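For reference, the chains in residue letters:
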Amino acid sequence: MRVLLVGAGGVGSAITKIAARRPFLDHMVVADYDLGRAERAVEALGGAADRFTAARVDANDRTAVAALLTEHRCDVLLNATDPRFVMPLFEAAATAGTHYLDMAMSLSRPHPERPYEECGVKLGDEQFAVAKEWEDEGRLALVGFGVEPGLSDVFARHAADELFDEIEEIGIRDGANITVDGYDFAPSFSIWTTIEECLNPPVVYEADRGWFTTEPFSEPEVFDFPEGIGPVECVNVEHEEVLLVPRWVKAGRVTFKYGLGNEFIEVLKTLHKLGLDGTEPVTVNGGSGPVRVSPRDVVAAALPDPATLGDRMRGKTCAGTWVKGTKDGRAREVYLYHVVDNEWSMREYGSQAVVWQTAVNPVVALELVATGAWSGAGVLGPEAFAPGPFLDLLTAYGSPWGMREQ
């Protein structure tokens, strides 16, 4: 398989380190707006770098991305950029006639009059609108395939197939006990994406109501995470699983709750009050005169790059899917989960835990497609595929998953 990876940041560079160990990969072009960053990602692979090429590309330039796919005879475009570039890259893959895989979905837009009651444009709507075209052309767009969404969705399908006869509720629950030495505030993942997820109206799904929205940070609950992480307060956050899971898995209710912590929530609320969460450029005075810049990009530039924090991070991160329902006439409740210890991921791959946990899942998915274990056409989420091959291969990668009866 020949892959164009767009984005050589924390997740992208972790993808290269994981893929370099796998024989299914014939060649990977590592492309980024910053050519130096792409070159450093390739150079870090040492003796394994012969299957990798660095390139410069603007993710917003559909024509340039499509040309790069054609030039290097790529089979698939793997999107490791932030969600604002989903549609340009998705459309570039369509233009070039290749397959596509991302770790998010096209962006949402709140309902203009009732943002905290009704959905406007939902996550993924723009991609699903052209699903028939992708299916007719025999091409696969595998959307929402990181860890959350991604592995969490695989867990939901596994629960439906193997563990339950009827499902009352599926709740994605994400928590960690990670600290970062030397910083009062240092997110371990892209602040651009975090702001997008946490300040948009959260979406909830109920079978008798469909999709609807609530206030940000609603329905707080304390969830006890495994492997020593312990209890963490979680709140509703907009996330792709809630839009994906009900399309393939029958459940009475689907939610996503993130263990943010009170301090993180207050910082996000303050950014919102000051307008620093905005994406529309504003004019500021620069050294050579006025410049136009997005407030959210200023926040991202002022914070440390999450990819550089691994040596300062301590603790574990957990992604998982809590499921409640019945099996053989009896009530059942389980939590399917995946934990990564930062000490292990740094020692084994030189990548911090949060980005490594995100990166491993699209590589596993690509390998299943490359070997023919998974196949399909159209715009499909992780739930559309048999979960067994994925969970087995994830374990073979040296990163096993777990299950706890609640």
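Residues numbered from 1 in each chain as written. Predicted model: local features only at pLDDT ≥ 70, side-chain atom pairs only at ≥ 80, totals over all residues. Heavy atoms only, no water.

A. Fine view of the sheet that holds strand S1 (residues 2–6). Strand order across the open sheet formed by seven strands is S3-S2-S1-S4-S5-S6-S19, with parallel pairing between neighbours. Looking at which strands have only one partner, the edges of the open sheet turn out to be strand S3 (52–56) and strand S19 (378–380). Taken pair by pair, the neighbouring strands of this sheet meet at an average axis angle of 20 degrees, ignoring direction. Bridging between strand S6 (residues 140–142) and S19 involves three bridges; their strand directions are parallel. Looking across to S19, one finds that Leu142 is bridged to Leu380. Packing of helix H2 (residues 35–43) onto the sheet brings it into contact with strand S2 (27–32) and S3, and relative to S3 it is tilted by some 170 degrees. (Pairing = 2+ DSSP bridges. Helix = DSSP H or I, 4+ residues; strand = E, 2+ residues; numbered from the N terminus. Axes fitted to C-alpha atoms, helices over the stretch in contact; angles between N-to-C directions. Contact = heavy atoms within 4.5 Å.)

B. The pattern of salt bridges, seen in detail. On inspection of all chains with the given rule, the structure shows 23 salt bridges. Arg253 is the partner of Glu219 in a salt bridge, and the nearest nitrogen-oxygen pair spans 3.1 Å. Within this pair, whereas Glu219 is found in the loop between strand S10 (210–213) and strand S11 (221–225), its partner Arg253 is found in strand S13 (residues 253–258), the two being separated by 34 residues in sequence. Assessed through its relative accessible area of 31%, Glu219 is described here as partly exposed. (Salt bridge = Lys/Arg side-chain N within 4 Å of Asp/Glu carboxyl O. Buried < 20%, exposed > 50% of the residue type's maximum accessible area, 1.4 Å probe, protein only.)

C. The arrangement of the nonpolar core in detail. With 116 residues, the main nonpolar core has Leu4, Ile15, Ile170 and Phe390 as its most contacted residues. Broken down by element, the residue count for this core peaks at ten residues, all from helix H13 (residues 353–371). Ignoring any residue separated from it by four or fewer positions in sequence, one finds Ile15 in contact with Leu5, Met28, Leu78, Ala80, Met103, Ala359, Pro362 and Val363. Of all hydrophobic cores here, the second largest spans ten residues; its members include Phe223, Phe225, Trp322 and Tyr335. (Core = buried A, V, L, I, M, F, W, Y, C linked by side-chain atoms within 4.5 Å.)

D. Structural context of the packing of aromatic side chains. Under the counting rule described, the total for this entry stands at 18 aromatic pairs. Both rings, one in Trp344 and one in Trp356, keep their centres 4.9 Å apart while their planes meet at 85 degrees; by these two values the pair is edge-to-face. Of the two residues, Trp344 sits in helix H12 (residues 342–349) while Trp356 sits in helix H13, which places them twelve residues apart along the sequence. On the basis of relative accessibility, which here comes to 0%, the residue Trp356 falls in the buried class. (Phe/Tyr/Trp six-rings, centres within 6.5 Å; stacked < 30°, edge-to-face > 60°.)

E. Layout of the packing of helix H8 (residues 191–199) against helix H10 (residues 262–273). Contact geometry for H8 and H10: axes closest at 11 Å, N-to-C directions at 90 degrees. In this view, H8 runs roughly perpendicular relative to H10, as classed from their interaxial angle. Counting all contacts with H8, which are made through Thr194, Ile195, Cys198 and Leu199, the residues of H10 involved are Phe264, Leu268, Leu271 and His272. Looking at the contact of H8 with H10 residue by residue, the class counts come to six nonpolar, two polar and no charged. (Parallel < 35°, antiparallel > 145°, perpendicular 65-115°, else oblique. Nonpolar A, V, L, I, M, F, W, Y, C, P; charged D, E, K, R; others polar.)

F. Representation of the pairing of strand S14 (residues 282–286) in the model. With five bridges joining them, S14 and strand S15 (residues 289–293) adopt antiparallel strand pairing. Following the sheet pairing, Val284 is matched in S15 by Val291. The antiparallel hairpin formed by S14 and S15 contains two residues in its connecting segment.

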